[in-house]
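Chain residues, written in single-letter form:
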Amino acid sequence: MMLEIDGLSVSFQRYNGLFRQNLLTRLSDVSLDIAAGEIVALVGHSGAGKSLLAHAILGLLPKNALATGFIFFGGKVLDEQKRRELRGREIALLPQQTTYLDPTANVGDLISWAAKRAGKPSKIETRLNDVGLNGDVAQLYPHQLSGGMARRVLMAQATAGEAKLIVADEPTVGLDPHNRDIVLEHLRTHADKGGSALLITHDLLPVLSYADRIAILNNGKLCCVASASAF
């Protein structure tokens, strides 16, 4: 199994008055696994805890977060040190916000840096072509990209390290159907080559043709996991 989440709960310490603290639980006893070659789509309403689960996997929780339970990657416990070692190399984030693109670097450099951090060749033009962009885009800066182009550059950047697991956080928000399908098809190709993906979305219908299983998160609790064909 590529990724296993066992009884994960995430709470936040909050002050109630000047000195009293209480815990606000946002994820409760979540258990989920993703095999190599598989896309699991995590579906839920805004505020259900989808992005929080992604951040927990990647070790990006804020300091006031308290996480319990276990996360395994390749059969080994994913502790904080292991997350730092694997992030970008074996586990990559495809973020929701295009502001993750460094505005001071052109597209070619962004992709090249992501590849080199993982010890992979840059192959900038190939990686751009894979997401439906031509090689000329490498010379552009983030502010020169349309929304659809920026999201596809994020995809090229996230996959440049050839990580085994991609955690894709709402990667198709705001995209037209053509650009949306390019992103989803690229995730499918990644899985078909032996990788895996956790695809976080609030829009169920478009992902049914690409995902293997659907997991539904409601108010921090996993209430359903079923084959995509069941929907």
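Scroll up a little and you will see the structure.
Read on for an overview of the structure. Every value quoted in this text rests on a predicted model; they were computed, and no experiment measured them. (Residues numbered from 1 in each chain as written. Predicted model: local features only at pLDDT ≥ 70, side-chain atom pairs only at ≥ 80, totals over all residues. Heavy atoms only, no water.)

## Digging into the packing of helix H3 (residues 107-117) against helix H5 (residues 147-159)
Right, on to step 1. It is at 7 Å that the axes of H3 and H5 come closest, and there the two elements cross at 25°. Classed by the angle they form, the pair H3 and H5 counts as roughly parallel. The element H3 and its partner H5 pack so that their crossing is right-handed. Note on element contacts: H5 touches H3 through Val153, Ala156 and Gln157, opposite Val107, Leu110, Ile111 and Ala114.
Right, on to step 2. Across the contact of H3 with H5, the residue classes break down as six nonpolar, one polar and no charged. (Axes fitted to C-alpha atoms, helices over the stretch in contact; angles between N-to-C directions. Helix = DSSP H or I, 4+ residues; strand = E, 2+ residues; numbered from the N terminus. Parallel < 35°, antiparallel > 145°, perpendicular 65-115°, else oblique. Left-handed = near helix turned anticlockwise from the far one by under 90°. Contact = heavy atoms within 4.5 Å. Nonpolar A, V, L, I, M, F, W, Y, C, P; charged D, E, K, R; others polar.)

## As for the sheet that holds strand E1 (residues 3-16)
Right, on to step 1. Taken together, four strands build an open sheet; the order of strands is E2-E1-E4-E5 and the sheet is antiparallel. Each edge of the open sheet carries a strand with a single partner, namely strand E2 (20-34) and strand E5 (76-77).
Right, on to step 2. In the sheet, E1 pairs with strand E4 (residues 65-73) via eight bridges, with the strands oriented antiparallel. Looking across to E4, one finds that Ile5 is bridged to Ile71.
Right, on to step 3. Lying over the sheet, helix H1 (residues 50-58) contacts E1, E2 and E4, oriented at roughly 110° with respect to E1. (Pairing = 2+ DSSP bridges.)

## Points about the environment of Ala228
Right, on to step 1. Its place among the elements puts Ala228 in the segment after strand E10 (221-227).
Right, on to step 2. Judged by relative accessible area, which is 9%, Ala228 ranks as buried.
Right, on to step 3. The sequence separation of Ala228 and Ile39 amounts to 189 residues, and the corresponding C-alpha distance is 10.0 Å.
Right, on to step 4. Residues in contact with Ala228, not counting those within four places in the same chain, are Leu208, Ala211, Asp212, Arg213 and Ile214. (Buried < 20%, exposed > 50% of the residue type's maximum accessible area, 1.4 Å probe, protein only.)

## Let's talk about the pairing of E4
Right, on to step 1. One ladder, built from two bridges, connects E4 with E5; its direction is antiparallel. By the bridge assignment, Phe72 is partnered in E5 with Val77.
Right, on to step 2. Between the end of E4 and the start of E5, which pair antiparallel, lie two residues, with Gly74 showing a positive phi angle near 60°.

## Focus: unusual backbone geometry
Right, on to step 1. At Glu162, a residue that is not glycine, the phi angle is positive and equals roughly 55°.
Right, on to step 2. For Glu162, a relative accessible area of 39% corresponds to the partly exposed category.
Right, on to step 3. Of note, Glu170 is a non-glycine position whose phi angle comes to about 50°, a positive value.

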